[in-house]
Amino acid sequence: MIRLGVRSLRFRLVLGALAGVVGAMLIAGLFIAQLYRLHNSERFQSELDHHLDEIVAMTVADADGRLRVVQPLSDPLFSIPASGLYWQVERDDGTLLRSGSLGERRLIPNSDGEWHDRHAGDEAVLQRSVRHPDTTGRVVTITIASACSLLEAQIAHFQGDLALSMAGVGLL
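Presented here is a report on the structure given in the accompanying data block. Each chain carries its own residue numbering, running from 1 in the direction its sequence is written. In keeping with the predicted nature of the model, local features appear solely for residues at pLDDT of at least 70, side-chain atom pairs appear and are counted solely at 80 or more, and the whole-chain, interface and lining totals rest on all residues. Values reported for side chains reflect all heavy atoms of the structure, with hydrogen atoms and water molecules removed beforehand.

Glancing now at the layout of surface pockets. Grid points spaced at 1 Å and placed over the protein atoms alone form the basis of the search, with a cavity being a set where a 1.4 Å probe fits but cannot get out and a pocket an open set showing protein on both sides within 12 Å along at least five of seven lines. Lining residues have an atom within 4 Å of a point. Grid points are joined across faces, edges and corners, and a volume is the space filled by probe spheres set on the points. Roughly 240 Å³ of volume is contained in the largest pocket. Lining the largest pocket are 13 residues, and of these Val22, Met25, Leu26, Ala163 and Met166 lie nearest its centre. At the level of secondary structure, the elements contributing two or more residues to the lining of the largest pocket comprise α1 (9-58) and α2 (148-171). Where helices and strands are cited, they refer to DSSP runs of H or I of at least four residues and of E of at least two residues respectively, numbered from the N terminus. With 8 residues, the single largest contributor to the lining of the largest pocket is α1. Note on residue classes: Ala, Val, Leu, Ile, Met, Phe, Trp, Tyr, Cys and Pro are nonpolar, Asp, Glu, Lys and Arg are charged, and everything else, Gly too, is polar. For the lining of the largest pocket, a count of residues per class yields 10 nonpolar, 3 polar and no charged.

Okay, here's the thing in structure tokens:
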């Protein structure tokens, strides 16, 4: 049997290698988690942009000039109250249409067309607004939003799985 004394070179090499492996695993785990966050955030925004394009295409003014959305969006979460996915259409004459999920809350549109962190009531949301003329020529502002908690829940779930995986690899 080989004895490893605290002062032996062999013990210090094994301890150094162990510290190096743990450090490398930790750095790799942090890097992978951040990379996942970035990619998932971009995918999330891309999906919301798709829904924004949908609502823009489906928003029309009828023959009487009333604003309406001709059909529901492709994701049923826009119809479920407080689901975390929201849209709002607002015309310059004060006409306001909202998704069933938004309920009585209101989104405050942003004017630059970029993504912003805002609030819908007491819920933190990521949102984007676009302005364009409707079929009558009036300016319409369409806002799409998602609860930040939806994205954060996905990321937290992945990070938990990643931590378990990294720990399993580290034990090998």
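Given 3.6 residues per turn, any residue in an α-helix points the same way as the ones three and four places further on. To estimate how far a helix should extend, the number of its residues minus one is multiplied by 1.5 Å. Between its first and last C-alpha, α1 extends 73 Å over 50 residues, near the 74 Å set by a 1.5 Å rise per residue. The complete set of buried residues in α1 reads Met25, Gly29, Ala33, Asn40, Phe44, Leu48, His51, Leu52, Glu54, Ile55 and Met58. Classification of residues uses two cut-offs on accessible area relative to the type maximum, computed with a 1.4 Å probe and protein chains only: under 20% is buried, over 50% is exposed, and between them is partly exposed.

Before going further, it helps to spend a moment on the packing of aromatic side chains. Between 30 and 60 degrees the pair is tilted, below 30 it is stacked and above 60 it is edge-to-face, where a pair is any two Phe, Tyr or Trp rings, Trp via its six-membered ring, whose centres lie within 6.5 Å. Counted according to the given criterion, the structure contains 1 aromatic pair. Plain terms: the ring middles of Tyr36 and Phe158 are 3.8 Å apart, the flat faces sit at 15 degrees to each other, and that makes the pair stacked. Taken as a pair, Tyr36 in helix α1 and Phe158 in helix α2 lie far apart in primary sequence, 122 residues in all. What makes Phe158 partly exposed here is its relative accessible area of 23%.

As for its position among the elements, Asn40 is in helix α1. Contact definition: two residues touch when any of their heavy atoms are within 4.5 Å. The residues contacting Asn40, other than those within four sequence positions of it, are Leu151, Gln154 and Ile155.

Turning our attention to α2. Across its 24 residues, α2 extends 35 Å between first and last C-alpha, which sits within 8% of the 34 Å expected from 1.5 Å per residue. Regarding α2, the residues found buried are Leu151, Ile155, Leu162 and Met166. Elements in contact with the buried residues of α2: α1 and β7 (139-147).

Pairing between the strands of a sheet comes from backbone hydrogen bonds, and it takes one of two forms, parallel or antiparallel. Taken together, 5 strands build an open sheet; the order of strands is β4-β3-β7-β6-β5 and the sheet is antiparallel. Edge positions in the sheet fall to β4 (96-98) and β5 (116-120), since each of these pairs with one other strand and no more. Strand-to-strand twist in this sheet, taken as the mean axis angle between neighbours without regard to direction, amounts to 30 degrees. Relative to β4, strand β3 (residues 85-91) is paired through 3 bridges, and the arrangement is antiparallel. Residue pairing across strands places Val89 opposite Leu97, the latter belonging to β4. α1 rests against β3, β6 (123-133) and β7 of the sheet, and its axis sits at about 145 degrees to β7. Here, any two strands with at least 2 DSSP bridges between them count as paired. For helices, the fitted axis covers only the stretch in contact; all axes are lines through C-alpha atoms, and the angles between them, taken along N-to-C directions, range from 0 to 180 degrees.

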